[in-house]
Amino acid sequence: MRLRMTANRKYLYYLKHFATPKKLHNILENRKEYKNGNTNLKSYPYKITFDPGNICNLRCPGCHTGIKHPEMLRPAFMKLDNYKTMFDQVKDYALSVALYNWGEPFLNKQIFDMIDYTRSQKVGTTIHSNLNHFNETMADDIVKSGLTHLYLSIDGATQEVYSQYRVKGHIEQVIQNVKLLVAARKKAKSKLPFITWKYLVFPFNKHEVEKARKMAKEIGVDNFEVFDAVIKLTDIYDEAENYRKQPELLKTLTKPCKSLWASIYLEPNGTVFPCSLSFRENEGFGNLVQSDFKSVWNNSNYSAARGLFKNPSNFENIPMPCKGCKYFLKCTMNYN
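Residues numbered from 1 in each chain as written. Predicted model: local features only at pLDDT ≥ 70, side-chain atom pairs only at ≥ 80, totals over all residues. Heavy atoms only, no water.

Q: Help me understand the pattern of salt bridges in this model?
A: When charged atoms on two side chains of opposite charge get close, those side chains can pair. Evaluation of the coordinates by the stated rule reveals 12 salt bridges. The closest approach of N and O atoms between Asp116 and Arg119, which form a salt bridge, is 2.6 Å. One end of the pair, Asp116, and the other, Arg119, are both in helix H4 (residues 111-120), three residues apart, so they sit about a helical turn from each other. Since its relative accessible area comes to 38%, Arg119 is described here as partly exposed. (Salt bridge = Lys/Arg side-chain N within 4 Å of Asp/Glu carboxyl O. Helix = DSSP H or I, 4+ residues; strand = E, 2+ residues; numbered from the N terminus. Buried < 20%, exposed > 50% of the residue type's maximum accessible area, 1.4 Å probe, protein only.)

Here is the structure:
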């Protein structure tokens, strides 16, 4: 493997290549406002996620897209023009943007144009992919586009084990696709994208972790990272229910939800979600295709949600999904 791209090294790379005084000042101001519990912010989010499409070629049981949840937003691909409209409103505050969320990014035929445009604006890009929909041309396009970091979701070393979670996935094809990508990067004499093999660990696949790690090293990816996971979809309300059943877990929630200050999640149609676990129609806080970002960022939904931690007795105005999350549960239990 090449130099391991640890989290610290990754952020140092982003600072070196994408930081500006304005971005750094915004991050510091944002953290200050978070610490102070401000509800109307002068700073802007610096962790920004765009979903190129909430459509996937696999049927992973831990994902609402995979199980085709009936309450999810209408499946769609993000259009390049809409991406530019939204991205241009936040680009001055982001070191990097995530171009993935609830679907397979490489199914969007305009994804390489999105990456290229982002790079031209001196902002980094990260994608998570199952890499089942892929070919040699796409490998070359990834390198040419300037993608900064690519995480490969590969949770096994054999088809029998891998397909228990990555339903409809084909591991032999995925491995060949990884090799195509590494070869394309080598041919172009490029350091980018940094490639991380991401392995979700379940009871049925933990015995293949080391075999997969060896495969990753032989192929030439940069990192191999392991994450504990559950096979069943756990959304924001299920998570809160787990905390309700185990009140001792609430003691770990010692600070407010940072996402309401530092992060924003943007869906293909422009819907703004406040949380990485949001996906339902009624959980949006606004729309960046239809509205100006600055007006959305301090609208009544955001102000009320942030206010939960400053005035924990004012529960009625808290919007969904925040009204159903573990932080709301803790505030209500503490108040009562």
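Moving on from the coordinates now.
Q: Is there a simple way to explain empty space enclosed by the protein in this structure?
A: Summary: where empty space remains is shown by rolling a probe the size of a single water molecule over the atoms. Counted by the stated rule, this structure contains one cavity of 30 Å³ or more. Of the voids in this model, the largest cavity is the one considered here, and its volume is about 30 Å³. Taken together, Asn54, His64, Leu73, Trp102, Glu267, Phe273 and Phe279 form the lining of the largest cavity. Residue classes in the lining of the largest cavity are distributed as four nonpolar, two polar and one charged. (1 Å grid on protein atoms, 1.4 Å probe; cavity = no way out; pocket = protein on both sides within 12 Å on 5 of 7 lines; lining within 4 Å. Points joined across faces, edges and corners; volume = space filled by probe spheres on them. Nonpolar A, V, L, I, M, F, W, Y, C, P; charged D, E, K, R; others polar.)

Q: What exactly am I supposed to notice about the environment of Pro256 here?
A: Relative to the elements of secondary structure, Pro256 occurs in the loop between helix H9 (236-245) and helix H10 (259-262). Sequence separation between Pro256 and Gln173 is 83 residues, and the spatial gap between their C-alpha atoms is 43 Å. In contact with Pro256, not counting residues within four places along its chain, are Tyr34, Trp261, Phe309 and Tyr327. (Contact = heavy atoms within 4.5 Å.)

Q: Even after reading the chapter, I still don't get helix H3 (residues 80-90), so can you show me in this structure?
A: A turn of α-helix holds 3.6 residues, and therefore any two residues three or four places apart point the same way. By the burial criterion, the buried members of H3 are Leu80, Tyr83, Met86, Phe87 and Val90. Seen along its axis, H3 keeps its buried residues to an arc of 130 degrees; they face one direction. The inward-facing, buried residues of H3 abut strand S1 (47-50), strand S2 (96-99), H4, strand S7 (263-266) and helix H11 (293-297). (Arc of directions from axis to C-beta.)

Q: How should the state of the cysteines be read in this particular structure?
A: Note on terminology: disulfide describes a covalent bond linking the sulfur atoms of two cysteines. If you walk through the whole model with that rule in mind, you get zero disulfides. Take Cys56: it sits in no disulfide, and the sulfur closest to it among the cysteines is that of Cys60, at 5.9 Å. Using a relative accessible area of 18% as the deciding quantity, one classes Cys56 as buried. Residue Cys325 stays outside any disulfide, its sulfur separated by 5.8 Å from that of Cys322, the closest cysteine. By relative accessible area, Cys325 is classed as buried at 10%. (Disulfide = S-S within 2.5 Å.)

Q: Would you take a moment to explain helix H2 (residues 21-36) for this structure?
A: Between its terminal C-alpha atoms H2 stretches 22 Å, which fits the 22 Å expected from 16 residues at 1.5 Å a residue. Those residues of H2 that sit buried are Lys23, Asn26, Ile27, Asn30, Glu33 and Tyr34. Seen from one end, H2 has its buried residues packed into an arc of 135 degrees, which puts them on one side. The exposed residues of H2 that point more than 90 degrees off its buried face are Pro21, His25, Leu28, Lys32 and Lys35. Residue Gly37 follows H2 closely and has a positive phi angle near 75 degrees. (Expected span 1.5 Å × (residues − 1).)

Q: Help me understand the sheet that holds S7 in this model?
A: What links the strands of a sheet is backbone hydrogen bonding, and the strands pair in either a parallel or an antiparallel sense. Spatially, S6-S5-S4-S3-S2-S1-S7-S8-S9 is the arrangement adopted by the nine strands of the open sheet, whose pairing is mixed. Bordering the open sheet on either side are strand S6 (223-228) and strand S9 (286-287), each of which pairs with just one other strand. Strand direction decides the pairing type here: strand S5 (residues 194-201) and S6, joined by six bridges, are parallel. Following the sheet pairing, Tyr199 is matched in S6 by Val226. Each of S5 and S6 is contacted by helix H8 (residues 209-219), which is oriented at about 170 degrees to S5, the strand it contacts most. (Pairing = 2+ DSSP bridges. Axes fitted to C-alpha atoms, helices over the stretch in contact; angles between N-to-C directions.)

Q: Explain the environment of Leu152 to me, please; I cannot follow it from the model alone.
A: Mapped onto the elements, Leu152 comes out in strand S4 (residues 149-153). On a C-alpha basis, the gap between Leu152 and Leu180 in space is 13 Å, while along the polypeptide they are 28 residues apart.

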